[in-house]
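Working through the structure, step by step
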Amino acid sequence: MALRSAQGDGPISSRWDGGAEKADFNNKKKKKVAEIYQALNSDPIDVAALRRMAISEGGLLTDEIRRKVWPRLLNVNTSDPPPLLGMPDEQREGLQEELIDIILLVLERNPQLHYYQGYHDIVVTFLLVVGEKLTTSLVEKLSTHHLRDFMEPTMDNTRHILNYLMPIIDQVNPELHDFMQSAEVGTIFALSWLITWFGHVLSDFRHVVRLYDFFLACHPLMPIYFAAVIVLYREQEVLDCDCDMASVHHLLSQIPQDLPYETLISRAGDLFVQFPPSELAREAAAQQEATRTAASTFKDFELVSAQQRPDMVLRQRFRELLRPEERTKDVLTKPRTNRFVKLAVMGLTVALGAAALAVVKSALEWAPKFQLQLFP
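Not measured: the values here are computed from a predicted model. (Residues numbered from 1 in each chain as written. Predicted model: local features only at pLDDT ≥ 70, side-chain atom pairs only at ≥ 80, totals over all residues. Heavy atoms only, no water.)

Bringing the overall build of the protein chain into the picture now. Summing up its helical and strand segments, the protein chain has 21 helices and 0 strands in all. For the protein chain, the proportion of its 376 residues judged to be buried stands at 51%. Of the accessible surface of the protein chain, which amounts to about 18100 Å², a share of 54% is contributed by carbon and sulfur atoms. (Helix = DSSP H or I, 4+ residues; strand = E, 2+ residues; numbered from the N terminus. Buried < 20%, exposed > 50% of the residue type's maximum accessible area, 1.4 Å probe, protein only. Areas by Shrake-Rupley, 256 points an atom, 1.4 Å probe, with all protein chains shown as cover.)

Now the structure itself:
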């Protein structure tokens, strides 16, 4: 029989083990914080070390650290932020939140970019972590690089990225791949995962920012590898489904909130090393060709594509705001009392070892060029 403490609140051995585990965790956390600040204080800043810290277990740990490290991962000069819109207060109240200001500014400064549904989920995550001024700089860099393919006039590049999903699954678990192919489930269940970096589908904000640590430190295709490991993790649930599109789609479109995130992050890094995008590109292209006819009759992508252009409304609103005499309200003007509800809905929705080094190396090879010409 286990001995109990004088307070009677549990076995002594269990409390001792728990205390030791907590002390070990705190020691690891302190060590990691020290290593992060050492990298930040290096001259020049050790960005490679910061990437390793962002990828490894626990990520960047706190929002205070993220405010310092995220700009470094994106190579953003925080001493030279883009100018603010300079709107009168009453006009800012018409837009009613910093979120719209940031989206307007990024689109106005980058007319080649197009707003897509889900973009605000990414912007609001940065806004809640780093604040308005820094968010504008980070989101603009992210939009012209990591997210650029999602902000094209059509969804062709987005569809191409989604087509990496099944080849990754096939490499690891052919049985699961074949079952999903037989069910004709496609990949649209993962669309919101990909284009919001999972910010729209995860309810715990801690998990969202942990994934942002990981994605910011890695190759821009890492989110599709993470999507693949979620599907692979749920293998048995999928195989227990009826083998039809409706059943499998319904299951996969609902992400469990208690996923083992650190394990999955580690696994995604491993898969990226084992099956890099360059090796999967041919299969992804073949996947796109194989689904082209189906896509022309299956209207989901066409419907989504038709909804990708509210940027035109945003740009028009921006021009109106620059003309004080035209302060008409439109669909973007909402009562200011809705602001916190909207933000709440949008925002709250294992060390890797050798694999981490390889992932970081890939990111470093890509990052200085910042050329996302991945899809010829």
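The structure having been displayed, the exposition proceeds.
Mapped onto the secondary structure, Asp204 falls in the loop between helix H11 (191-195) and helix H12 (205-217). Along the backbone, Asp204 and Asp258 are 54 residues apart, and their C-alpha atoms lie at a distance of 9.6 Å. A distance of 2.5 Å separates a polar atom in the side chain of Asp204 from a polar atom in the side chain of Arg206. (Polar contact = N/O pair within 3.5 Å; in protein donor to acceptor, adjacent residues only side chain to side chain.)

On to the UniProt feature "transmembrane region" (unreviewed entry) in the protein chain. UniProt's entry tags residues 214-233 and 343-364 with the feature "transmembrane region" (unreviewed entry), counted in the numbering of this structure. Note that residues 214-233 is 80% helix and 0% strand, and that its end C-alpha atoms are spaced 19 Å apart. (UniProt positions renumbered as here; feature names shortened; annotations may be inferred.)

Across the junction of Asp43 and Pro44, the peptide omega takes the value 5°, indicating a cis bond. Topologically, Pro44 is positioned in the loop between helix H1 (12-41) and helix H2 (47-55). Phi at Asn75 takes a positive value of approximately 55°, unusual for a residue other than glycine. Position of Asn75 relative to the elements: it lies in the loop between helix H3 (63-73) and helix H4 (89-95).

Time to look at the environment of Arg66. Relative to the helices and strands, Arg66 is located in helix H3. We classify Arg66 as buried; its relative accessible area is 5%. Sequence separation between Arg66 and Phe126 is 60 residues, and the spatial gap between their C-alpha atoms is 9.8 Å. A distance of 2.9 Å separates the side chain of Arg66 from the side chain of Asp213, its partner in a polar contact.

Further remarks concern the packing of aromatic side chains. Per the counting criterion, the structure on display carries 15 aromatic pairs. In this structure an aromatic cluster arises from ring pairing among Trp70, Phe126, Phe189, Trp193, Trp197, Phe198, Tyr212, Phe214, Phe215 and Phe226. (Phe/Tyr/Trp six-rings, centres within 6.5 Å; stacked < 30°, edge-to-face > 60°.)

Assignment of secondary structure puts Asp149 in the loop between helix H7 (132-144) and helix H8 (156-162). No salt bridge forms around the buried Asp149; measuring N to O, its nearest opposite-charge neighbour Arg148 is 4.8 Å away. (Lys, Arg positive; Asp, Glu negative; His and termini not counted. Salt bridge = Lys/Arg side-chain N within 4 Å of Asp/Glu carboxyl O.)

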